[in-house]
Amino acid sequence: MKTMENKIRFMDFCAGIGGGRLGLEKGMNAVCVGFSEIMLASEKTYRTLHNANKEKNWGDLTKINTSELPDFDVLIAGFPCQTFSIIGKRKGLDDERGRIIYHLIRILKDKNVPYFILENVKGLVNHNNGQTIKTIVKALENAGYYTGYKVISSAKMGVPQIRERVYFVGIRKDKAKKGKFIWPSETELSDIKKFLCNEKSEILDENNTTFQRYLNNKYNKNKYDLKKLLNEDYLVIDTRQSDLRQYRGVVPTLRTGRHGILYVKDGKLHKISGYESLLLQGFEKESSLRVSRNPDIQERDLLSQAGNAMTANVIEKIAGQLKEYIER
């Protein structure tokens, strides 16, 4: 059995609620030696999910004195995506949030970190006609890392959520003795019934004024028979768009600011709950229940935090592959 000293150590930056942390813990049996998160509500959820009440939150990573950080083997970060997302204004590296990547590179260099995993939105790949991602990869290469990236859907890694994100893996050049990083293989689509399982999820009355107004807007009027929709268990309905969108066997991307995802069960419309959202991001049932039952954590916050999280399953599989390259 490995001692704490022999285990792979990592730090969790732009931590959110720790989807990346859980993935590393499961994928390479690694131990977290610190995290960095600036949102107080997210920190509260993070500590509850991971039983991390005594751990230090290093706060704003742009202000961290790297000489004070503990040593660690892997840096993981879901660096801010708003500046690259099609939903945002797409200012990219011209936005202060977009420059977080350079602060992460500063930490990598100052701490001489051997490995990293980074995550961002798919939109980063084609932002500024592909120049932004080339600039980022070049900066990481110049910092001393062989760097690869790939767009991966969470639906192909163990959770039924169509969530496409770009993932970066970096191996410091003096550690890259095993050749090019090999990305994990895809898995079969998981059974959605295991994830949409909250008996206490909010039920939306079919006569709900807001929903009826939505069904009768200019995009949807006379297109849908509500009785037929309610006759198909686990039909997922996305009302975040003007037009009604239907999904079978999968859930569309969970997002921070828009929570209009419904599903049909036993002839009724259910709103996807914060608990279910956590499951769809790969969090364990026990910890997800603990969070959802915490009176100090608001449901609306949990929905937003889950929408902003990394999918733990994807990180777990990437970490499992990266572990093969790590020298101990």
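Preceding this paragraph is the structure being described.
What counts, and at which threshold
Residues numbered from 1 in each chain as written. Predicted model: local features only at pLDDT ≥ 70, side-chain atom pairs only at ≥ 80, totals over all residues. Heavy atoms only, no water. Pairing = 2+ DSSP bridges. Helix = DSSP H or I, 4+ residues; strand = E, 2+ residues; numbered from the N terminus. Axes fitted to C-alpha atoms, helices over the stretch in contact; angles between N-to-C directions. Contact = heavy atoms within 4.5 Å. Salt bridge = Lys/Arg side-chain N within 4 Å of Asp/Glu carboxyl O. Buried < 20%, exposed > 50% of the residue type's maximum accessible area, 1.4 Å probe, protein only. Phe/Tyr/Trp six-rings, centres within 6.5 Å; stacked < 30°, edge-to-face > 60°. Lys NZ or Arg CZ within 6 Å of the ring centre and 35° of its normal.

Taken in spatial order, the six strands line up as 2-1-3-4-7-5 in an open sheet, and their pairing is mixed. Of all the strands in the sheet, the pair left with one neighbour each is strand 2 (31-36) and strand 5 (145-153). When the angles between neighbouring strand axes are averaged without regard to direction, this sheet yields 20°. Sheet topology note: the strand 4 (residues 115-121)/strand 7 (residues 164-172) ladder contains seven bridges and is antiparallel. Looking at the pairing, N120 lines up with V166 of strand 7. Across the sheet, helix 3 (residues 100-111) touches strand 1 (9-13), strand 3 (74-77), strand 4 and strand 5, and the angle it forms with strand 3 is around 170°. Each of strand 4, strand 5 and strand 7 touches helix 4 (residues 131-142); the most contacted strand, strand 5, lies at about 140° to it.

With that settled, the discussion passes to the environment of V159. Inspection of the secondary structure assignment puts V159 in the loop between strand 5 and strand 6 (161-162). For the pair V159 and Y214, spaced 55 residues apart in sequence, the C-alpha to C-alpha distance is 29 Å. For V159, the contacting residues outside a window of four places in its chain are S154, S190, F195, L279, L280, G282, T311 and N313.

Right, let's talk about the pattern of salt bridges for a bit. Under the defined criterion, the tally for this structure stands at 14 salt bridges. Of the charged contacts, one joins E119 and R165 as a salt bridge, the two residues approaching to 3.9 Å between their closest N and O atoms. Of this pair, E119 sits in strand 4 while R165 is found in strand 7, placing the two residues 46 residues apart along the sequence. Assessed through its relative accessible area of 12%, R165 is described here as buried. Through salt bridges with shared partners, a single ionic network connects R21, E25 and E55.

Next up on the list: the packing of aromatic side chains. By the definition in use, this model includes eight aromatic pairs. With centroids separated by 4.2 Å and ring planes inclined at 25°, the aromatic side chains of F35 and Y46 adopt a geometry described as stacked. In this pair, F35 is assigned in strand 2 and Y46 in helix 2 (residues 40-50), connecting sequence segments 11 residues apart. An identical accessibility class is assigned to F35 and Y46; each is buried. Taken together, a centroid distance of 6.4 Å and an interplanar angle of 50° make the contact between F79 and F168 tilted. Of this pair, F79 sits in the loop between strand 3 and helix 3 while F168 is found in strand 7, placing the two residues 89 residues apart along the sequence. Among the aromatic residues, those joined into a ring-pair cluster are F79, Y149 and F168. Residue placement shows K56 over the ring face of W58; its charged tip is 3.8 Å from the ring centre. One cation-aromatic arrangement involves K173 over Y146; the distance from NZ or CZ to the ring centre is 5.5 Å.

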